[in-house]
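Letter by letter, the chains look like this.
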Amino acid sequence: MRQSSLFTKTKKEAPKEAEIISHKLLTRADFIEQTISGVYRFLPLGYRVLKKIEGIIREEMISLGAQELYLPVLQNKNLWLETNRWQTIDPPLFKLKDRHQKETALGSTHEEEITDILRHRIKSYRNLPLSLFQIQEKFRNEMRASGGLLRTREFIMKDLYSFHANEKDLERFYQKVKKAYFRIFKRCNLKAICIEADPGTIGGKLSNEFMVISESGEDRILICKKCSWGANVEKVGEMKKCSQCQSNLEKKNSIEVGHLFWLGTKYSQAMKANFFDRDGKEKPIIMGCYGIGLPRLMATIVEIHHDEKGIIWPPEVAPFQIHLIPIEKNKKVKETAEKLYHHLQKQNLEVLYDDREDKTAGEKFAEADLIGIPIRMVVSQRTLLEKNSVEIKKRPEKKRKLIKIKDLCFLKF
């Protein structure tokens, strides 16, 4: 992508309402833009990152054997009445009436929808286990949207649902999902911890959250340094000692990046989603639910990976892999930069080529640091004439190194 064609407009100042670093940097770098409270536009750079995160999550869900589907945003009121959540879910639903005065709701979660699908299709233990997932928009009628992308009213979420004939099989799959979540967060260069949590209005007998320690996080968690056990304060209150080893607990601020729910038969019993077991006995399907909010994960990455100059994207989620920057209006510099741009693209590398001629070197470097692409490749007259080289700098590092043009084909990014 030529930067002269990229639809973006970086800013020197963050909006007044931005309080946390991810909100400030993502807005300044023109990845996102707020339209109304808790609702954001994802501009081209931001959307590229969002799709990278989506790709990682999809790969890991498919590795579990889950099949992808897509469920409607507008949901049937009658399904929510079956589970008695039409009035009780928190935050409450966004409800609306159509021109026929029939009530529907914007989906904040999809337990009712998925259970309705299953009860019409699963009749025997031979059809189980099964896992289905979607990556889709959600709407939460939050009392107060805050923290940029950390708490919004419209967002994209990955829902995974699993269906089992017995609790032993659910336990096996639940643990597989835990491992997949750790892989997802590691690929996003985040150190996540899995803690005990309150299932809230989603329900079920067991719940775990994946947390990333961060001062900007709204959640308060208790962590044991000795055995790594942890729990959300909402679940365990102000306990002082670890329930596993009786060591002292530390209270930390954190950001929730994933949530697992052992739903059991809460929804299948309410909606009569039953199957016949090996003995011909009718039983409710046992369920699990596993979520990740993509925009929140994107914001969390920025909360952890930034410096005073801007964002530092981990390679797997960066909008581009290389930022190619020529810094002089010189024929040889321009010709070399053009050749490098095409050469790198032929190697299937994603390159943002700053071909703008109305920007100084300082302006280009400042924007490059703000945007946060992992590798900066600078073409200058000095490096070309003296050593026939280009300057390479990794975004998190201060050190620069020169690499011969002829050696670039062997360079690994």
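The structure we're discussing is the one just above.
As the structure is a computational prediction, the values presented were derived from the model and not from experiment.

> What exactly am I supposed to notice about the packing of aromatic side chains here?
Working definition: an aromatic ring pair is given by the centre-to-centre distance plus the angle between the planes. What the rule picks out here adds up to nine aromatic pairs. Seen from their ring centres, Phe173 and Tyr290 are 5.9 Å apart, and the 65° between their planes marks the pair as edge-to-face. One end of the pair, Phe173, is in helix 5 (residues 167–187); the other, Tyr290, is in strand 16 (residues 286–293), and 117 residues separate them in sequence. Three or more aromatic residues joined by ring pairs form one cluster here, namely Phe173, Tyr174, Trp262 and Tyr290. The side chain of Arg48 reaches across the aromatic face of Phe320, ending 4.0 Å from its centre.

> Any chance you could explain the sheet that holds strand 20 (residues 351–353) here in plain terms?
In a beta sheet, neighbouring strands are held together by backbone hydrogen bonds and run either parallel or antiparallel to one another. One open sheet holds the five strands; their spatial order is 20-19-21-22-23, and the pairing between them is mixed. Strand pairing shows two members of the sheet lacking a second neighbour, strand 20 and strand 23 (400–404), which therefore form its edges. Direction aside, the axes of adjacent strands within the sheet are offset by 25° on average. In terms of strand pairing, strand 19 (residues 322–326) meets strand 21 (residues 375–379) through five bridges, oriented parallel. Each bridged residue has a counterpart across the sheet, and for Leu324 the counterpart in strand 21 is Met377.

> Any chance you could explain empty space enclosed by the protein here in plain terms?
Over the atoms, a rolled probe matching the size of one water molecule traces out where space is still vacant. All told, the structure shown has one cavity of 30 Å³ or more when counted by the stated rule. Of the pockets and cavities examined, the largest cavity occupies roughly 60 Å³. Together, His323, Ala368, Asp369, Ile373, Ile375, Arg376, Lys393 and Arg395 line the largest cavity. Broken down by secondary-structure element, the contributors of at least two residues to the lining of the largest cavity are helix 10 (361–371) and strand 21. Of the residues that constitute the lining of the largest cavity, the class distribution is three nonpolar, one polar and four charged.

> What is the right way to read helix 2 (residues 44–63) from this model?
One turn of the α-helix equals 3.6 residues, which is why residues spaced by three or four share an orientation. Taking 1.5 Å per residue, 20 residues should reach 28 Å; helix 2 reaches 29 Å between its end C-alpha atoms and fits that length. Taken from the residues just after helix 2, Gly65 is the one with a positive phi, measuring 90°.

> When you look at the nonpolar core in this model, what are you seeing that I'm missing?
When a protein is soluble and globular, its nonpolar side chains tend to lie buried together. Phe31, Tyr181, Phe185, Met298 and Trp313 are the most contacted members of the largest nonpolar core, which has 58 residues in total. A per-element tally of this core places helix 5 first, with eight residues.

> Mind showing me how you'd approach the layout of surface pockets here?
Of the volumes computed, that of the largest pocket is approximately 1000 Å³. Arg140, Arg151, Glu256, His259 and Arg296 are, among the 42 residues lining the largest pocket, the residues nearest its centre. Elements that contribute at least two residues to the lining of the largest pocket include exactly strand 8 (154–164), strand 11 (219–224), helix 6 (233–236), strand 13 (249–264), strand 16 and helix 8 (294–304). For the lining of the largest pocket, the leading source of residues is strand 13, giving seven residues. In terms of residue class, the lining of the largest pocket is built from 16 nonpolar, twelve polar and 14 charged. Put simply, the second largest pocket is a space of about 460 Å³.

> So what exactly am I meant to see when it comes to unusual backbone geometry here?
Peptide bonds are, in most cases, trans, and in most cases residues other than glycine have a negative phi. Look at the link from Asp90 to Pro91: it is a cis peptide, with omega at 0°. Mapped onto the elements of the fold, Pro91 is located in the loop between helix 3 (77–82) and strand 5 (94–97). Following Leu128, the chain continues into Pro129 via a peptide bond in cis, with omega recorded as 0°. Of note, Pro129 is situated in the loop between helix 4 (111–119) and strand 7 (130–139).

> Even after reading the chapter, I still don't get the side chain of Arg85, so can you show me in this structure?
Relative to the helices and strands, Arg85 is located in the loop between helix 3 and strand 5. At a separation of 2.7 Å, a polar atom in the side chain of Arg85 contacts the side chain of Glu112. Excluding residues within four positions of it along the chain, Arg85 makes contact with Trp80, Thr109, Glu111, Glu112, Thr201, Ile202 and Tyr267.

> In this structure, what is going on with the side chain of Lys158? I would like to understand it.
The topology assignment puts Lys158 in strand 8. This buried residue, Lys158, is left without a salt bridge; Asp159 holds the nearest opposite charge, at 7.2 Å. Excluding anything up to four places from it in sequence, Lys158 contacts Ile57, Met61, Phe133, Gln134, Ile135, Tyr181, Tyr290, Gly291, Ile292 and Leu294.

> Looking at this model, I keep getting lost on the environment of Phe163. Mind explaining?
Note on placement: Phe163 falls in strand 8. Exposure remark for Phe163: the relative accessible area of 0% places this residue in the buried category. Measuring from C-alpha to C-alpha, the distance between Phe163 and Trp262 comes to 11 Å, with 99 residues separating the pair along the chain. Once you skip the residues sitting within four places of it in the chain, Phe163 turns out to touch Ile114, Leu118, Leu128, Pro129, Leu130, Leu132, Ile285, Ile286 and Met287.

Quick notes on the rules
Residues numbered from 1 in each chain as written. Predicted model: local features only at pLDDT ≥ 70, side-chain atom pairs only at ≥ 80, totals over all residues. Heavy atoms only, no water. Phe/Tyr/Trp six-rings, centres within 6.5 Å; stacked < 30°, edge-to-face > 60°. Helix = DSSP H or I, 4+ residues; strand = E, 2+ residues; numbered from the N terminus. Lys NZ or Arg CZ within 6 Å of the ring centre and 35° of its normal. Pairing = 2+ DSSP bridges. Axes fitted to C-alpha atoms, helices over the stretch in contact; angles between N-to-C directions. 1 Å grid on protein atoms, 1.4 Å probe; cavity = no way out; pocket = protein on both sides within 12 Å on 5 of 7 lines; lining within 4 Å. Points joined across faces, edges and corners; volume = space filled by probe spheres on them. Nonpolar A, V, L, I, M, F, W, Y, C, P; charged D, E, K, R; others polar. Expected span 1.5 Å × (residues − 1). Core = buried A, V, L, I, M, F, W, Y, C linked by side-chain atoms within 4.5 Å. Buried < 20%, exposed > 50% of the residue type's maximum accessible area, 1.4 Å probe, protein only. Polar contact = N/O pair within 3.5 Å; in protein donor to acceptor, adjacent residues only side chain to side chain. Contact = heavy atoms within 4.5 Å. Lys, Arg positive; Asp, Glu negative; His and termini not counted. Salt bridge = Lys/Arg side-chain N within 4 Å of Asp/Glu carboxyl O.

Shape descriptors only; they carry no functional weight alone.
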